Amino acid sequence: MKPSSRSFASLLACFALAAACAHSSAEPAGGDGSRIASASPASPAATAPQSQLDLARQHIEHVIVIVQENRSFDHYFGTYPGADGIPMTNGSPTVCVPDPVLRKCVRPFHSTSQLQKGGPHTQRHSVADVDGGKMDGFIRTAISGKIECATDRSDPGCESFLGPQGQPDAISYHTREEIPNYWAYADHFVLQDRMFAPADSWTLPAHLFLVSAWAASCTSPYDPMSCTSNLELRDQAKIQRGGQVPMWAWTDVTWLLNRAGVTWAYYVGEDTCFIDPCPRASGRYTPAFQNPLPGFTTVRQNHQLRNIRSHSDYFARAAAGTLPSVSWVMPYNGAAEHPSAGKPIWMGMAHVTKVINAAMQGPDWDSTAIFLTWDDWGGFYDHVVPPRVDANGYGIRVPGLMISPWAKTGTIDHQTLSFDAYLKFIEDLFLGGQRLNPRTDGRPDSRPTVREKLPILGNLLNEFDFAQDPLPPLVLDPTPLPGTP
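Residues numbered from 1 in each chain as written. Predicted model: local features only at pLDDT ≥ 70, side-chain atom pairs only at ≥ 80, totals over all residues. Heavy atoms only, no water.

A.B. asks: Give a detailed account of the packing of aromatic side chains, specifying residues and quantitative values.
C.D. replies: Throughout the structure, instances matching the rule amount to 24 aromatic pairs. Ring geometry for Trp-250 and Phe-296: centres 5.4 Å apart, planes at 80°, overall edge-to-face. Within this pair, whereas Trp-250 is found in the loop between α8 (234–241) and α9 (253–259), its partner Phe-296 is found in the loop between β12 (264–268) and α10 (297–301), the two being separated by 46 residues in sequence. Just as Trp-250 is buried, Phe-296 falls in that class too. Here Phe-371 and Tyr-422 contribute two aromatic rings whose centre-to-centre distance is 5.3 Å and whose plane-to-plane angle is 45°, an arrangement assigned as tilted. (Phe/Tyr/Trp six-rings, centres within 6.5 Å; stacked < 30°, edge-to-face > 60°. Helix = DSSP H or I, 4+ residues; strand = E, 2+ residues; numbered from the N terminus. Buried < 20%, exposed > 50% of the residue type's maximum accessible area, 1.4 Å probe, protein only.)

This is how it looks when you write it as structure tokens:
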């Protein structure tokens, strides 16, 4: 499905507004039965009501998915009003996490530092943090993972990485004070407080799920049936470090988009190399773990490597109104918010704000939906037990936001979501509901689960109100904190 023209979309929007008035006042239910803000009260209308998907197809022509790194929901939004955050009484956390070094149970604490250490975050660490549903392993894994300032806390340089009880910052949380722009987006648009990482693992598997709803290793890069689930991918990660070669044989969503003539692009740092061999990474580059598409055989066979583009191309196209239908935007090194990178959070927030500002200030703001998330929990505390949908996940909760002129402003979506919800939304909007399903997509692979079809998965369409007047842009200062450039 190709985007309709602006004039045609505007005409349809007029009919959509009239049709929307005929909807009932009942709140839309999510995939798990949860509900978010209600629509306008019903009123008589001569035309039959259109479905939410019909309205979305008329109003949304551009989907932008922005992915940062390694923060849990409680770490960024655990004290956001109305969200399912850190359990508290009178502003003090009531939960307690065992600390083997201090030999006692310690509580999450507010960190005002722009730098954290976090914790290890591979599959085994996810399992250990969840601890059978107790959600109490975060300090133990930081210690066993030899995270600096978790094992030895006597170093004077560790003071800013420890809480008032001497607890590691793996159980720290931030407030509006440290991440004001992210909280401002939550105030004005939609905050998702049940966005779970797609897998019990780290960055590379999460990004594979982002574009394909699966993470696996393949004995042959040209045989999709040779692939089996793999959430560690250690050997594959070593190969990726030297430059991208074909290694992912299963089907990704860009294959479906290309077949349907839907435009897409994957935006990375200016100095990113992704064709083997690559020199030692330098400058503003996006690590290969956040850029797996060059390793997909489908992308190479379709001659779509040209759709992996630089950030400067994104900003130029956003200004010109020529962004593709689907865009993914990855951070460059230093702006990813990875806690062990030694870079302040504000650098990542500034990057994200510039990307969002560009979309808002361009001519296509009124037909855009932006989704912002973080790829995994980074070892940080979260109190919500992840649902088990298959052997691969879900993983621990991460922050999620939806930003659009059609967002139900100031609402919190309590539906159960994961990155699979982005794929479902893209597939419904542009592909007529075609799924990454080996039985129906024309390219069989051996994935164990069609993630977009899981009954527990919520529907992002419920976050939109197409009957409202479109929300104006919220253009923010990328560096609002004192002392930032």
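On we go.
A.B. asks: Lay out the confidence of the model for the protein chain in plain terms, naming residues and giving numbers.
C.D. replies: Within the protein chain, residue pLDDT values average 90, and 90% of them lie at 70 or more. Note on residues 1–35: pLDDT under 50 across the span, and 84 contacts to partners over four residues away in sequence or across chains. Every residue in residues 37–46 scores below 50 in pLDDT, and together they form 19 contacts with partners more than four places removed in sequence or on other chains. (pLDDT = per-residue confidence, 0-100. Contact = heavy atoms within 4.5 Å.)

A.B. asks: Kindly report on the packing of helix α11 (residues 311–320) against helix α12 (residues 345–361), identifying the contributing residues and their values.
C.D. replies: At a closest axis distance of 8 Å, the pairing of α11 and α12 adopts a crossing angle of 30°. Viewed along their axes, α11 and α12 adopt a mutual orientation that is roughly parallel. In the packing of α11 onto α12, the handedness of the crossing is left-handed. Residues His-311, Tyr-314, Phe-315 and Ala-318 of α11 touch α12, and the partners they reach there are His-351, Lys-354, Val-355, Ala-358 and Ala-359. Looking at the contact of α11 with α12 residue by residue, the class counts come to six nonpolar, two polar and one charged. (Axes fitted to C-alpha atoms, helices over the stretch in contact; angles between N-to-C directions. Parallel < 35°, antiparallel > 145°, perpendicular 65-115°, else oblique. Left-handed = near helix turned anticlockwise from the far one by under 90°. Nonpolar A, V, L, I, M, F, W, Y, C, P; charged D, E, K, R; others polar.)

A.B. asks: Just give me the short version of the state of the cysteines, but keep the residues and values in it.
C.D. replies: Applying the stated rule across the entire model yields four disulfides. The disulfide bridge from Cys-149 ends at Cys-158, spanning 2.0 Å between sulfur atoms. Between Cys-149 and Cys-158 the disulfide shows an S-S torsion of about -80°. By sign, it is left-handed. Linked covalently through their sulfurs, Cys-273 and Cys-278 form a disulfide whose S-S length is 2.0 Å. Across the S-S bond of Cys-273 and Cys-278 the torsion is about -85°, and the bridge reads as left-handed. Looking at Cys-273, the relative accessible area reads 36%, which means it is partly exposed. (Disulfide = S-S within 2.5 Å.)

A.B. asks: Lay out the pairing of strand β14 (residues 326–329) in plain terms, naming residues and giving numbers.
C.D. replies: Burial along β14 is two-sided: Val-326 and Trp-328 facing one way and Ser-327 and Val-329 facing the other are all buried. Pairing geometry for strand β1 (residues 62–68) and β14, over four bridges, is parallel. Within the sheet, the bridge partner assigned to Val-63 lies in β14 and is Val-326. Relative to β14, β12 is paired through four bridges, and the arrangement is parallel. Opposite Tyr-266, over in β14, you have Trp-328 as the bridge partner. (Pairing = 2+ DSSP bridges.)

A.B. asks: How would you sum up the sheet that holds β14? Please name residues and give values.
C.D. replies: Across the sheet, which stays open at both edges, the eight strands sit in the order β13-β12-β14-β1-β15-β16-β8-β17 with mixed pairing between neighbours. Only two strands of the sheet have a single partner each, and these edge strands are β13 (308–310) and β17 (411–413). Direction aside, the axes of adjacent strands within the sheet are offset by 20° on average. In the sheet, β12 pairs with β13 via three bridges, with the strands oriented parallel. By the bridge assignment, Tyr-266 is partnered in β13 with Ile-308. Packing against the sheet, helix α7 (residues 203–212) makes contact with β1, β12 and β14, and its axis sits at approximately 170° to β1. In the packing of α12 onto the sheet, the strands contacted are β1, β14, β15 (368–374) and β16 (400–403), and the crossing angle to β1 comes to about 175°.

A.B. asks: Can you tell me about unusual backbone geometry, naming the residues and giving the values?
C.D. replies: Backbone torsion omega between Gly-393 and Tyr-394 reads 15°, so that peptide bond is classified as cis. Tracing the backbone through its elements, the reader meets Tyr-394 in the loop between β15 and β16. For Ala-213, which is not glycine, the phi torsion reads 65° and is therefore positive. Within the fold, Ala-213 resides in the loop between α7 and β10 (216–218).

A.B. asks: Any chance you could break down the environment of Leu-305 for me, citing the residues and the numbers?
C.D. replies: Tracing the backbone shows Leu-305 in the loop between α10 and β13. When its relative accessible area of 21% is taken as the criterion, Leu-305 is described as partly exposed.

A.B. asks: Pulling in residues and values, what's your account of the pattern of salt bridges?
C.D. replies: Applying the stated criterion across every chain yields a total of 16 salt bridges. Note that Arg-397 and Asp-74 form a salt bridge whose closest N and O atoms lie 2.9 Å from each other. Of the two residues, Arg-397 sits in the loop between β15 and β16 while Asp-74 sits in helix α3 (residues 73–77), which places them 323 residues apart along the sequence. Note on accessibility: Arg-397 and Asp-74 belong to one class, buried. Put simply, Glu-427 and Arg-435 hold a salt bridge, and the shortest N to O gap is 3.2 Å. Among the residues examined, Glu-427 registers a relative accessible area of 0% and is labelled buried. Using a relative accessible area of 14% as the deciding quantity, one classes Arg-435 as buried. What you see here is one network of salt bridges that share partners, running through Asp-74, Asp-382 and Arg-397. (Salt bridge = Lys/Arg side-chain N within 4 Å of Asp/Glu carboxyl O.)

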